[in-house]
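Each chain, letter by letter, is given below.
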Amino acid sequence: MIWLVAGIIVFLGIHSVRMVAPDFRDGVIAERGEGFWKGVYSAVSLIGFVLLIWGFGEARMVAPVLWVPPTWMAHINLLLMLPALILLVASQLPAGYIKRAVKHPMILGVKVWAFGHLLANGDLASLILFGAFLGWGVWNRISVKRRGDPVYDNPAVLYDGIAAVVGTALYLWLILQGHLWLFGVPPVAM
């Protein structure tokens, strides 16, 4: 579990700098430039992500099962993943009506993803991983709300359509092969 926890600390830690030390972030950008900050941020994120995935894979093998969720919770998780992926894609596009309404679609997508996976998994490793992401998502949303929500003028429905199509394609790919290939676990019992 040590590598899972280390990965969570590194990954969510670098993603929390703006929440806990905005002056540090701004100081590094002022001193060394935005490119330097983005490079460090990306490198640390990647290291944390690799640790997190590897650590979760290792921890999942030995993690005690705390409860066995009923099968219908896995079905709820499957339903929740579609809007989570659409929100994730919408966060990377110019403003559509989804982005305008939600304000921070990536944060909401992470919270929906984490909540759904908490419903479907009852082992300690899953509780640690998805609980950490859900807690981080709640904390991050509160933090950005205090800084002020963005205003998206002139949203275009085109970007909502792109988010829906690409998000649905990602969803189908993950169900059919991607989740098993990436994480070693089929999202649907075959």
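Here, every reference points to the structure presented above.
None of these values were measured; they are calculated from a predicted model.

So, the overall build of the protein
Part 1 of the reasoning: Tallying secondary structure elements over the protein gives nine helices and zero strands in all.
Part 2 of the reasoning: Each helix and strand of the protein, placed in order from N terminus to C terminus, yields the pattern α-α-α-α-α-α-α-α-α.
Part 3 of the reasoning: A principal-axis box enclosing the C-alpha atoms of the protein has dimensions of 50 × 40 × 25 Å.
Part 4 of the reasoning: Of all 190 residues assigned to the protein, the portion counted as buried reaches 36%.
Part 5 of the reasoning: Looking at the protein alone, contacts between residues at least 24 apart form 75% of all its contacts between residues at least 6 apart.
Part 6 of the reasoning: Carbon and sulfur atoms make up 71% of the accessible area of the protein, which amounts to about 10900 Å² in all.
Part 7 of the reasoning: Averaging the positions of the 13 positive and the 9 negative side-chain charges in the protein gives two centres separated by 5 Å.

Some thoughts on the nonpolar core
As a rule of thumb, soluble globular proteins bury nonpolar side chains together.
Part 1 of the reasoning: The biggest cluster of nonpolar side chains holds 17 residues, and the ones touching the most others in it are Leu4, Leu129 and Phe133.
Part 2 of the reasoning: A per-element tally of this core places helix α8 (residues 124-147) first, with five residues.
Part 3 of the reasoning: Residues Leu78, Met81, Tyr171 and Leu174 belong to the second largest nonpolar core, which totals six residues.

Overview of the packing of aromatic side chains
Part 1 of the reasoning: With the rule as written, the count across this model stands at nine aromatic pairs.
Part 2 of the reasoning: When the ring of Trp173 is compared with that of Trp181, the centres are 6.3 Å apart and the planes differ by 70°; the resulting orientation is edge-to-face.
Part 3 of the reasoning: Members of the aromatic cluster, joined through ring pairs, are Phe11, Phe49, Phe56, Trp113, Phe130 and Phe133.

Observations regarding the packing of helix α7 (residues 105-120) against α8
Part 1 of the reasoning: One way to put it is that α7 packs onto α8 with a least axis distance of 8 Å and a crossing angle of 150°. Taken together, α7 and α8 sit at an angle that is classed as roughly antiparallel. Crossing of α7 against α8: the hand is left-handed. Within the contact between the two elements, α7 uses Ile107, Val110, Lys111, Trp113, Ala114, His117 and Leu118 and α8 uses Ser126, Leu127, Phe130, Gly131, Phe133, Leu134, Trp136, Gly137, Val138, Asn140, Arg141 and Val144.
Part 2 of the reasoning: Residue composition of the contact of α7 with α8, by class: 12 nonpolar, five polar and two charged.

What counts and how
Residues numbered from 1 in each chain as written. Predicted model: local features only at pLDDT ≥ 70, side-chain atom pairs only at ≥ 80, totals over all residues. Heavy atoms only, no water. Helix = DSSP H or I, 4+ residues; strand = E, 2+ residues; numbered from the N terminus. Buried < 20%, exposed > 50% of the residue type's maximum accessible area, 1.4 Å probe, protein only. Contact = heavy atoms within 4.5 Å. Areas by Shrake-Rupley, 256 points an atom, 1.4 Å probe, with all protein chains shown as cover. Lys, Arg positive; Asp, Glu negative; His and termini not counted. Charge placed at Lys NZ, Arg CZ, Asp CG, Glu CD. Core = buried A, V, L, I, M, F, W, Y, C linked by side-chain atoms within 4.5 Å. Phe/Tyr/Trp six-rings, centres within 6.5 Å; stacked < 30°, edge-to-face > 60°. Axes fitted to C-alpha atoms, helices over the stretch in contact; angles between N-to-C directions. Parallel < 35°, antiparallel > 145°, perpendicular 65-115°, else oblique. Left-handed = near helix turned anticlockwise from the far one by under 90°. Nonpolar A, V, L, I, M, F, W, Y, C, P; charged D, E, K, R; others polar.

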